[in-house]
Amino acid sequence: MIYWSKISLPLAIASVCLSLQAETASYTHDISPVIEKNCISCHGPKKQKGGLRLDSYSFVLQGTEDGPIVKLGNAQDSELYRRLTLHPGDDDFMPAGGKPPLKAHEIELIKQWIAASAPEKLAFEFVAVKKSVLVAKQAAPDYRPKIKEASAKAESLGVRLVPRSSIPTDGLVLRTASNPKRCTDAVIEQLSSYSDLIVEAELSRTAVTSKSLAHLSKWKNLQLLDLSYTHVSDDYIDSLAQLKDLQSLNISGTQIGKDGLAKVNKLTSVARVWAFMEAPAGLLKK
Amino acid sequence: MNHTLNDPNVALCSDHCGEHPNVANLPELPLSLQKEWLELETRRHFLGRGTKALAWAGLASIIGRTAPHLLADPTALLPQTPHFAPKAKRAIYLFMAGAPSQLETFDYKPNLADQFNKDLPESVRGGQVLTGMSSGQAHFPVAPSFAKFSRQGKSGMWMSEMFPELSKVTDDLCIIKSLYTEAINHEPAILTMTTGNMFPGRPSVGAWLAYGLGAMNEELPTFVVMTSKMPQKQNVQALSNRLWSSGFLSPEYSAVQLRSGGEPVLYLKDPKGVTSDIRRTVISGVNDLNRQLYEKIGDPEINTRIAQYEMAFRMQTSVPELTDMSDEPASTWELYGPDAKEPGTFAYNCLMARRLAERGVRFSQIFLRSWDMHGGLPGSMRVLCGNSDRATYALMTDLKRRGMLDDTLVIWGGEFGRTVYSQGTLKPDNYGRDHHPRCFSMWMAGGGVKPGMSYGQTDDFSYNIVKDPVHVRDLHATILKLFGFDHTKLTFKFQGLEQRLTGVLPARVINDILV
């Protein structure tokens, strides 16, 4: 089963399904330019007609003394939306003072924005949980013959290879947390000679890029691959399909875009994928 | 100084035992030399004390593995490897000091509504010895929870209205309703929860893990403790570093406390006029001397000290990076709320715990006090839950969406439970509850714990456990299991015993709650 998890924080995060990508608006990207152009002259720092300011996200949500003008999730019941959709001759119509009405697509944007609980910025979250329980795998060859050499090599490269447990077939963990930036594509390449022993690669916040994926995709015993907050992009992402034992993949905060995600989604063995992104590049482009 | 180093007796004296050499036990000296000697003596003494102070400040919790060239005996600090593949790589323990009532939080007792102000049946109390705070009461009137409960999530577990935010992640929680302890007063009870023993001097859970696992990140301590600003200055219990000490384990495994005001870690900054280069030179010099001393007398404590100096030096860069939250995206602040911007709040500490976990710190323990509600419970409960609910939810959500909950164990709970009967006057909307060690609730999440389930059961009065009791020892054995340890085999020889976190009495891993 795959699902896109929705976070119910009202103001914070709209979780965007891939299919929705183009339709969801955020205050910063979409709404503030419209308000800026049409409303600030009367609802800004200088004038606050009707006791209302609209020149920041929090002002918009704050509304007036009488209450909020945005009802999260419901455009029809939101004063903001109602005022824009009245007949231009109506006393309550906004923008007031005979100014030109908003364009139809701008009004539509505001409607969708309110419907999506009026997020300030867009972050999005993609979680694919296909199996709730990870399968214990007979991991790797006995590490004992090579562990000294492997860990010395890792040490010389500024990273660590440590046994996952005292059971010699439980494999090694590639650990970089002490100084993630020292772990570069070159380091990954040099560790490849011990790749059959490595079952977990903790590469979060390291300097690795998509180039490393070409190597990592041959680390055939990898079960966990954490690439979060690296510069990994869509390139070579499909090569991970070669990793038959890969169970957990974290690509949060990477450069991976819509196409890359679609490919990740096709990786059949992976039980867990995490991709938590802040306003992901390429996904929100209109 | 040479004199001190050449003479083994004096060398031993300098820090470990006995009397310091002084001008009086030396052959007669000219006055100018005496003065110089005294000056040197004070400085040397200060350095000696200084390192102790550092250790006390907790600048210690080191690195399980120190670069071999730093140590005379490189194996001395090699980390142990877990017995089997761990599910949890790190833990965040939200310690609710003072003991939150189970009745208003996780142990829902709908039938109590009809029992309002009726005396607790003697058969339920079963002659139990009470604390002096309520033992004199003529009556033990049942106080139903003022807080309402509703079913939440797919699991349909009963959640309290005290935790509207946390309720959104109900399906991630494993609620244990059947914990018990022997201790009925705070200090012994908190010690039992944190160290497995009600007498001071034992290593804390975090210290055992640091000792057993070593560091993931050698630039930061393995075990970190934070105390939180209190939302109300009532019902406060004292906290001390007994709760996070390494006990008889090497001091490097005790927690470093991250402080909320001033510098996050004490004595880390270079003094005025001392550049980083000078500091480096001094530390290298001191460590060289210490290595010579080690070669002479072989006391492993010297290696600990060398490692601590190095750690402190590394933390000069790693701690500022850790505590500078300007790199957090807007979504973080939206999630945790405005409180998280203020250092020392529970929300700030929760966010800090996520940052620590992200950087590979094994064990972060956040203390939130003021749960000791002997009177005025409903009002205080609203304040405390209100203060912590959003942050707790935010931490869970944050770990989840970053893909960290799978291997980060989150633990929430206090040191014992509270009585179903009211301490003092009972009104429907105002009452108090006394200490109750016979049952209490906690929850765990992530790190290999089964999500969306509750475990154990108490009787209709939440007074006695009727199903699946969990002693604190069992909890500790389970936590160790999640980190890949057989609790009977993670030991340290001290006072002729193979000491362990769970002690010598039987302890049971609660396999039913493991994935």
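An account of the accompanying structure is given in this report.

Rules behind the numbers
- Residues numbered from 1 in each chain as written.
- Chains lettered and ligands numbered in written order.
- Predicted model: local features only at pLDDT ≥ 70, side-chain atom pairs only at ≥ 80, totals over all residues.
- Heavy atoms only, no water.
- Helix = DSSP H or I, 4+ residues; strand = E, 2+ residues; numbered from the N terminus.
- Buried < 20%, exposed > 50% of the residue type's maximum accessible area, 1.4 Å probe, protein only.
- Contact = heavy atoms within 4.5 Å.
- Areas by Shrake-Rupley, 256 points an atom, 1.4 Å probe, with all protein chains shown as cover.
- Patch = residues over 30% accessible without salt bridge, like charges linked within 9 Å, V, L, I, M, F, W, Y side chains within 5 Å.
- Salt bridge = Lys/Arg side-chain N within 4 Å of Asp/Glu carboxyl O.
- 1 Å grid on protein atoms, 1.4 Å probe; cavity = no way out; pocket = protein on both sides within 12 Å on 5 of 7 lines; lining within 4 Å.
- Points joined across faces, edges and corners; volume = space filled by probe spheres on them.
- Nonpolar A, V, L, I, M, F, W, Y, C, P; charged D, E, K, R; others polar.
- Axes fitted to C-alpha atoms, helices over the stretch in contact; angles between N-to-C directions.
- Parallel < 35°, antiparallel > 145°, perpendicular 65-115°, else oblique.
- Left-handed = near helix turned anticlockwise from the far one by under 90°.
- Core = buried A, V, L, I, M, F, W, Y, C linked by side-chain atoms within 4.5 Å.

As for the overall build of chain A
Working step 1: A tally of regular secondary structure across chain A gives 9 helices and 7 strands.
Working step 2: The burial tally for chain A puts 51% of its 286 residues in the buried class.
Working step 3: Counting contacts in chain A only where the partners sit at least 6 residues apart, residues at least 24 apart contribute 64% of the total.
Working step 4: When the accessible surface of chain A is split by element, carbon and sulfur atoms take 55% of a total near 13200 Å².

Description of a nonpolar patch on the surface
Residue and element names in this part refer to chain B.
Working step 1: A grouping of Leu497, Val504 and Leu505 is seen on the molecular surface, where their side chains present a nonpolar patch of about 300 Å² in accessible area.
Working step 2: Note on placement: Leu505 falls in the segment after β17 (497-499).
Working step 3: Overall, the relative accessible area of 48% leaves Leu505 in the partly exposed class.

Remarks on empty space enclosed by the protein
All names here are of chain B.
Working step 1: Going through the model one piece at a time under the given rule, you end up with 1 cavity of 30 Å³ or more.
Working step 2: When its volume is computed, the largest cavity comes out at roughly 40 Å³.
Working step 3: Around the largest cavity, the lining residues are Gln128, Leu130, Thr131, Ser134, Ile184, Thr419, Tyr421, Asp434, His435, His436 and Pro437.
Working step 4: Within the residue set of the lining of the largest cavity, elements represented by two or more residues are β9 (417-422) and β10 (433-436).
Working step 5: It is β10 that contributes the most residues to the lining of the largest cavity, 3 residues altogether.
Working step 6: Split by residue class, the lining of the largest cavity holds 4 nonpolar, 6 polar and 1 charged.

A short note on the packing of helix α10 (residues 346-358) of chain B against helix α11 (residues 377-401) of chain B
Residues and elements named next belong to chain B.
Working step 1: Contact geometry of α10 with α11 gives a least axis separation of 9 Å together with a crossing angle of 15°. Our classification of the angle between α10 and α11 gives roughly parallel. The chirality of how α10 crosses α11 is right-handed. Here α10 contributes Phe346, Ala347, Cys350, Leu351 and Arg354 to the contact with α11, which in turn contributes Asn387, Ser388, Ala391, Thr392, Leu395, Asp398 and Leu399.
Working step 2: Here the residues of the contact of α10 with α11 are counted per class, giving 7 nonpolar, 3 polar and 2 charged.

Quick notes on the nonpolar core
All names here are of chain B.
Working step 1: Counting 64 residues, the largest nonpolar core has Leu94 and Trp443 as the members making the most contacts within it.
Working step 2: Top contributing element to this core by residue count: α11, with 10 residues.
Working step 3: In contact with Leu94, other than residues within four places in its own chain, are Phe346, Cys350, Ile366, Thr392, Leu395, Val410, Ile411, Trp412 and Gly413.
Working step 4: Grouped together as the second largest cluster of nonpolar side chains are 50 residues, Cys174, Ala207, Ala210 and Tyr455 included.

Some details on unusual backbone geometry
Working step 1: Geometrically, the link from A:Met94 to A:Pro95 is a cis peptide bond, its omega value of -5° lying close to zero.
Working step 2: Positive phi, normally seen in glycine, also occurs at B:Ser462, with a value near 50°.
Working step 3: Following the sequence through the fold, B:Ser462 ends up in the loop between β13 (457-458) and β14 (465-467).
Working step 4: B:Ser462 gets classed as buried once you look at its relative accessible area, which sits at 0%.
Working step 5: Residues other than glycine seldom take positive phi values, yet B:Gln495 does so here, at roughly 50°.
Working step 6: Summarising the element assignment, B:Gln495 is placed in the loop between β16 (492-494) and β17.
Working step 7: Here B:Gln495 falls in the exposed class, since its relative accessible area comes to 67%.

So, to be careful, I would describe these as geometric facts and stop short of saying anything about function.
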